[in-house]
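Reading the structure
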Amino acid sequence: MDSPSAGNQSRPRRAGKLFLTIIIGSSPHLQAPMFFFISHLAFVDICYSSVIVPKMLANFLVKQKTISWEGCIAQISLFFQIACAEVCILAAMGYDRYVAICDPLHYSRYLTREICNKIVGVAWLLGSFYSMVNVVPLQNLRFCGNNIIRHYTCELPTLLALSCANTFTNYIILFISVLLFGFSSFLTTLVSYIYIILTILKIKSARGRKKAFSTCSSHLIVLGLFYSSGLIRYMKPSSESLVELDKVISIQYRILTPMLNPIVYSLKNKEIRSVLFKMFGKCRPNP
């Protein structure tokens, strides 16, 4: 149902994230655990774009904007899986920065490639479980009226608002699962950064403090963009007067944040910038 033109419009975003993943995977200078997690975060962002953007753009190009029940459920399921994997990877990146700054002598011991692979694997498994817990109960929903989704994409709160069945259990499951998966990951990241800040404050030289903080700045920017918009969307009460705000917030954390993540890490990380400069410097034609 997606038109070719809609798919073509979303390709530049995916290409940039895929390029970052390939750069990190192929460069011998970018094999530290931090870059390993950045490459997987870029892959997660590619999945975000592939699940949401093509259908949304296709609907912008047609008058009859429709989506099947199966398509809506698939979009919700994949989004939950990807979102949970992202928050877990963001938490792992916070732990990576904690070990690098607070216990650098044991960095290579605590974050081996095998451990990093297991962390990413667990992130995707938790994402699958988070998705299943919220999607399976949707089979009991009934729809009686005009099933118009007042949103750009299928989202669980919006879908539940359309149902004429009792959705109290669905809301409780959503609330508990968001607290369990989202808040626990956020708490892990928060504790990591409390220790990081305390360690940085103990550094005597201003240059040393600035250098230590600069290694965390890109991660903090991404965390702020993702959690601020995502938590507002799913933890605030539903209201007819806030429908348009919901759309703006949804675009923020579903499209803009995944699109900006690779840019933030590329511009704020000197190792990635150095590899990119060397690569494109070799591609320049000789005068």
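On a predicted model such as this, the values are computed, not experimentally measured, just so you know.

1. Description of the confidence of the model for the protein
Within the protein, residue pLDDT values average 77, and 72% of them lie at 70 or more. Considering each helix and strand of the protein separately, the mean pLDDT is smallest for helix α1 (residues 4-26), with a value of 49, and largest for helix α5 (residues 113-135), with 94. Predicted confidence is poor over residues 1-10, with pLDDT under 50, and the contacts of this stretch with residues over four places away or in other chains come to 19 contacts. The low-confidence segment residues 283-287 (pLDDT under 50) makes 0 contacts with residues lying over four places distant or belonging to another chain.

2. Topic: the packing of helix α3 (residues 69-102) against helix α7 (residues 168-201)
Running from N to C, α3 and α7 point in directions that differ by 15 degrees, and their axes come no closer than 9 Å. Judged on the interaxial angle alone, α7 and α3 are roughly parallel. The handedness of the crossing between α3 and α7 is left-handed. Along the contact surface, α3 presents Phe-80, Cys-84, Val-87, Cys-88, Leu-90, Ala-91, Gly-94, Tyr-95, Arg-97, Tyr-98, Ile-101 and Cys-102, while α7 presents Leu-174, Phe-181, Ser-185, Thr-188, Thr-189, Ser-192, Tyr-193, Tyr-195, Ile-196, Thr-199 and Ile-200. Of the residues contributing to the contact of α3 with α7, the split by class is 16 nonpolar, 6 polar and 1 charged.

3. A few points about the environment of Arg-209
Along the chain, the position of Arg-209 falls in helix α8 (residues 206-235). The spatial distance from the C-alpha of Arg-209 to the C-alpha of Thr-199 is 9.2 Å, given a sequence separation of 10 residues. Contacts of Arg-209, omitting those with residues within four sequence positions, involve Ile-200, Leu-201, Ile-203 and Lys-204. A distance of 3.1 Å separates a polar atom in the side chain of Arg-209 from the backbone oxygen of Lys-204.

4. Describing the side chain of Asn-170
Position of Asn-170 relative to the elements: it lies in helix α7. Overall, Asn-170 belongs to the buried group, its relative accessible area being 8%. If near-sequence neighbours (up to four positions away) are discounted, Asn-170 is found in contact with Pro-137, Leu-138, Leu-141 and Leu-160.

5. Topic: helix α2 (residues 33-60)
Between its first and last C-alpha atoms α2 spans 40 Å; for 28 residues at 1.5 Å apiece the expected length is 40 Å, and the two agree. The sharpest bend along α2 reaches about 30 degrees and sits at Val-53, with the proline Pro-54 one to four residues further on. Where burial is concerned, most of α2 is hidden: 24 out of the 28 residues are buried.

6. Regarding the packing of α2 against α5
Look at α2 against α5: their axes get within 10 Å of each other, and the N-to-C directions meet at 25 degrees. Classified by the interaxial angle, the pair formed by α2 and α5 is roughly parallel. With respect to the hand of their crossing, α2 and α5 are arranged in right-handed fashion. In this structure, α2 contributes Pro-33, Phe-36, Phe-37, His-40, Phe-43, Val-44 and Cys-47 to the contact, and α5 contributes Arg-113, Cys-116, Asn-117, Ile-119, Val-120 and Trp-124.

7. Let's talk about the packing of aromatic side chains
Applying the stated criterion to the full structure yields 10 aromatic pairs. Ring centres of Phe-79 and Phe-80 lie 6.0 Å apart, and the angle between their planes is 45 degrees; this geometry places the pair in the tilted category. Classification of Phe-79 by relative accessible area gives buried; the value is 4%. The class for Phe-80 is buried, based on a relative accessible area of 1%. Seen from their ring centres, Phe-129 and Phe-181 are 6.1 Å apart, and the 55 degrees between their planes marks the pair as tilted.

8. A look at the nonpolar core
Ranked by internal contacts, the top residues of the largest apolar core, which has 52 residues, are Phe-37, Tyr-48 and Ile-76. Looking at this core, the elements that each hand over two or more residues are α2, α3, α5, α6 (156-162), α7 and α8. Per-element accounting of this core gives the leading share, 16 residues, to α3. Discounting residues that sit within four places of it in the chain, Phe-37 has contacts with Ile-89, Ala-92, Met-93, Asp-96, Cys-116, Ile-119 and Val-120.

Conventions adopted
Residues numbered from 1 in each chain as written. Predicted model: local features only at pLDDT ≥ 70, side-chain atom pairs only at ≥ 80, totals over all residues. Heavy atoms only, no water. pLDDT = per-residue confidence, 0-100. Helix = DSSP H or I, 4+ residues; strand = E, 2+ residues; numbered from the N terminus. Contact = heavy atoms within 4.5 Å. Axes fitted to C-alpha atoms, helices over the stretch in contact; angles between N-to-C directions. Parallel < 35°, antiparallel > 145°, perpendicular 65-115°, else oblique. Left-handed = near helix turned anticlockwise from the far one by under 90°. Nonpolar A, V, L, I, M, F, W, Y, C, P; charged D, E, K, R; others polar. Polar contact = N/O pair within 3.5 Å; in protein donor to acceptor, adjacent residues only side chain to side chain. Buried < 20%, exposed > 50% of the residue type's maximum accessible area, 1.4 Å probe, protein only. Expected span 1.5 Å × (residues − 1). Bend = angle between axes of the 7 residues up to and from the residue. Phe/Tyr/Trp six-rings, centres within 6.5 Å; stacked < 30°, edge-to-face > 60°. Core = buried A, V, L, I, M, F, W, Y, C linked by side-chain atoms within 4.5 Å.

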